Amino acid sequence: MSTVDLSAKIPNNVDLGQDKRLLRALEQWQPNYLGWWREMGPDGFQEKDVWLRTAVGVDALGWAQFDYVRMPDYRWGIFLADPVKERTIGFGDGYGQPAWGVVPGEHRNTLRRLIVTQGDTEPASVEQQRRLGTSAPSLYDLRNLFQVNVEEGRHLWAMVYLLHSYFGRDGREEAEELLQRRSGSPDKPRILGAFNQPIDNWLDFFMFTMFTDRDGKYQLLALAESGFDPLSRTTRFMLTEEAHHMFVGETGVERIVQRTAELTKLDPNGDVRRQGGIPLEVIQRHLNLWFALSLDLFGGEVSSNAASFFAAGLKGRYREESYEDHLALDQHYRMSVVRDGRVEEEEVPLRTAMNEVLRDGYVEDCQRGVDRWNRRLEEAGLSERLRLPSKRFHRRIGMYADLPFDPDGRLVERGEWERRKGEWLPGEDDRALVASLQKPVREPGRIANWLARPARGIKGLPFEYEYVRLD
Ligand SMILES: [Fe+2]
Ligand SMILES: [Fe+2]
């Protein structure tokens, strides 16, 4: 197992002290990063003690240490999963050849682009969520938000390490620009659409961590297969942290659903609004929105880029080892395509469908979460259920983009779509209702009325624990 240098200015398990040039470059980037964190990180809580998990090693025991820490003092560091001995490329034209320890010249630009695109999402989400702390429904949730935020900061470090180590001057420039772009900015926006949407309420936050962080999981899983070994090792370690983000989202929505069910039963007319809860149809509309936004992040259904990433061994499939054929040359993928206003089934060469293959794994994973939410409804004796909309609904990217598909995946008249979109997507009233519930609850052990308590606290501590010290 690799050793972690925790006393270093930048904690790491990559022997940073051995490479003075790289160390100097990263030490120059560090204050800029901290400047960004102070400006764009959680608003109003920088000086508070937060019960946080910090990675101090990459093995099962070492990677999760808990203690109170002020966020700017968080030990952001560089951690790579331990190398796999004699690792070979697991797919594509170079299948079976040794994995690369350096960047192959012919893939340099593509790899840099992949790393920058992934890296850009990390600070973007911190920016999107920076004001949420002021309306946290409990100290437990406040702490979880900050845990997610500091880890997204660390994921930025992970990508910046790769840029600095393997991409020379242009890598350093990209690392600077990662601190310059701003989520939602008209002139310097973040790269991907879903990361420019503001997240100013906790329903959106839980939907984001459920659906958008889960896209992140699948992108990281695909990059973990990469023939570029440092990228593979970096993303493998990021995945261990990412799991908590999705936990926050999945259980967050689950707790809303659970509370909605309780309040529905409490009201003589089953009117959850009157009881100060969030109606299921409002939850469903937010689900529809965030699912569609997150599906877009996988890219087009048929994609020559995806095919060439696969061919080149840069980006593989989710759990590539579970496939028998790692070349994917003569296979096909059956998908619904739109032709002359009609949906038809068509076979496309499998390599061009790699985005869709990854998206399929994602959809299945999301469905598992929705099933879990529905079990809460069932247990409460309610007949309503939540569901994932069709993959074609409300897309902005790919072959279904900007076509009037309803949540069942039927192509409807544009007029009908416009008339009914208020049934399917959050509208002004929904936003106003959700906004009216965003009142902070800051006493240990208490929680907002619209949300159920979690089944347990953090790391064996009770829910009542003072996860954030506010005074
Ligand atoms: Fe991340
Ligand atoms: Fe995340």
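Structural data are supplied above this passage.
The notes below deal with the structure included here. From a predicted model like this one, the values you see are computed outputs, not experimental measurements.

Basis of the calculations
- Residues numbered from 1 in each chain as written.
- Chains lettered and ligands numbered in written order.
- Predicted model: local features only at pLDDT ≥ 70, side-chain atom pairs only at ≥ 80, totals over all residues.
- Heavy atoms only, no water.
- Helix = DSSP H or I, 4+ residues; strand = E, 2+ residues; numbered from the N terminus.
- Rg over C-alpha atoms; globule rule 2.2 N^0.38 Å.
- Buried < 20%, exposed > 50% of the residue type's maximum accessible area, 1.4 Å probe, protein only.
- Contact = heavy atoms within 4.5 Å.
- Areas by Shrake-Rupley, 256 points an atom, 1.4 Å probe, with all protein chains shown as cover.
- Phe/Tyr/Trp six-rings, centres within 6.5 Å; stacked < 30°, edge-to-face > 60°.
- Lys NZ or Arg CZ within 6 Å of the ring centre and 35° of its normal.
- Donors = N, O, S within 2.8 Å, 3.2 Å for Na, K, Ca; no water.
- Pairing = 2+ DSSP bridges.
- Axes fitted to C-alpha atoms, helices over the stretch in contact; angles between N-to-C directions.
- Parallel < 35°, antiparallel > 145°, perpendicular 65-115°, else oblique.
- Nonpolar A, V, L, I, M, F, W, Y, C, P; charged D, E, K, R; others polar.

### Considerations on the overall build of the chain
And step 1. Helix and strand counts for the chain come out as eleven helices and five strands.
And step 2. Taken over the C-alpha trace, the chain has a radius of gyration of 23 Å; the compact-globule value for 471 residues is 23 Å, and the two agree within 12%.
And step 3. Taken over the C-alpha atoms alone, the chain extends approximately 70 × 65 × 40 Å along its principal axes.
And step 4. Across the 471 residues of the chain, 59% fall into the buried class.
And step 5. Counting contacts in the chain only where the partners sit at least 6 residues apart, residues at least 24 apart contribute 71% of the total.
And step 6. Carbon and sulfur atoms make up 47% of the accessible area of the chain, which totals about 20,000 Å².

### Quick look at the packing of aromatic side chains
And step 1. Going through the model one piece at a time under the given rule, you end up with 33 aromatic pairs.
And step 2. Measuring from ring centre to ring centre gives 4.9 Å for Trp29 and Trp157, while their planes differ by 90 degrees; the resulting arrangement is edge-to-face. Within this pair, whereas Trp29 is found in helix α1 (residues 20-40), its partner Trp157 is found in helix α3 (residues 139-166), the two being separated by 128 residues in sequence. By the burial criterion, Trp29 is buried, and Trp157 matches it.
And step 3. A centroid spacing of 4.9 Å and a plane angle of 65 degrees characterise the contact between Tyr218 and Tyr318, whose relative ring orientation is edge-to-face. One end of the pair, Tyr218, is in helix α5 (residues 202-224); the other, Tyr318, is in the loop between α8 (304-312) and β3 (332-339), with 100 residues separating them in the sequence.
And step 4. The exposure class assigned to Tyr218 is buried, which follows from its relative accessible area of 2%.
And step 5. Classification of Tyr318 by relative accessible area gives partly exposed; the value is 26%.
And step 6. Grouping aromatic residues by their ring pairs yields a cluster made of Trp29, Tyr33, Trp36, Trp37, Tyr74, Trp76 and Trp157.
And step 7. Above the plane of the ring of Tyr318 lies Arg319, whose end atom (NZ or CZ) is 5.7 Å from the centre.
And step 8. Over the ring of Tyr68 we find Arg469; its NZ or CZ atom is 3.6 Å from the centre of that ring.

### Points about the coordination of the iron ion (ligand 1)
And step 1. The protein atoms that coordinate the iron ion (ligand 1) are Glu122 (OE), Glu152 (OE) and His155 (ND1), at distances spanning 2.0 to 2.2 Å.
And step 2. Taken in chain order, the donor set of the iron ion (ligand 1) reads E-x29-E-x2-H.
And step 3. Between the iron ion (ligand 1) and the iron ion (ligand 2), a spacing of 3.4 Å is present, and a bridge between the two is formed by Glu152. Residue Glu152 and its partner His155 are located together in helix α3, separated by three residues, close to a single helical turn. Side by side, Glu152 and His155 carry an identical accessibility label, which is buried.

### Considering the side chain of Ser135
And step 1. Mapped onto the elements of the fold, Ser135 is located in the loop between α2 (108-128) and α3.
And step 2. Once residues lying within four places of it in the same chain are set aside, the contact partners of Ser135 are Trp202, Gln438, Lys439 and Pro440.

### Structural notes on the pairing of strand β1 (residues 49-54)
And step 1. Burial analysis of β1 places five of its six residues in the buried class, which makes it a mostly covered element.
And step 2. Pairing of β1 with strand β5 (residues 468-469), which is carried by two bridges, proceeds in the antiparallel orientation. Residue pairing for β5: Val50 is matched across the bridge by Val468.

### Some remarks on the environment of Ser304
And step 1. Considering the arrangement of structural elements, one finds Ser304 in helix α8.
And step 2. A C-alpha to C-alpha distance of 5.5 Å links Ser304 and Thr352, two positions 48 residues apart in sequence.

### Notes on the packing of α1 against α2
And step 1. Running from N to C, α1 and α2 point in directions that differ by 30 degrees, and their axes come no closer than 9 Å. It follows that α1 is roughly parallel to α2 by the angle criterion. Note on element contacts: α2 touches α1 through Pro123, Val126 and Glu127, opposite Trp36, Trp37 and Met40.
And step 2. Of the residues contributing to the contact of α1 with α2, the split by class is five nonpolar, no polar and one charged.

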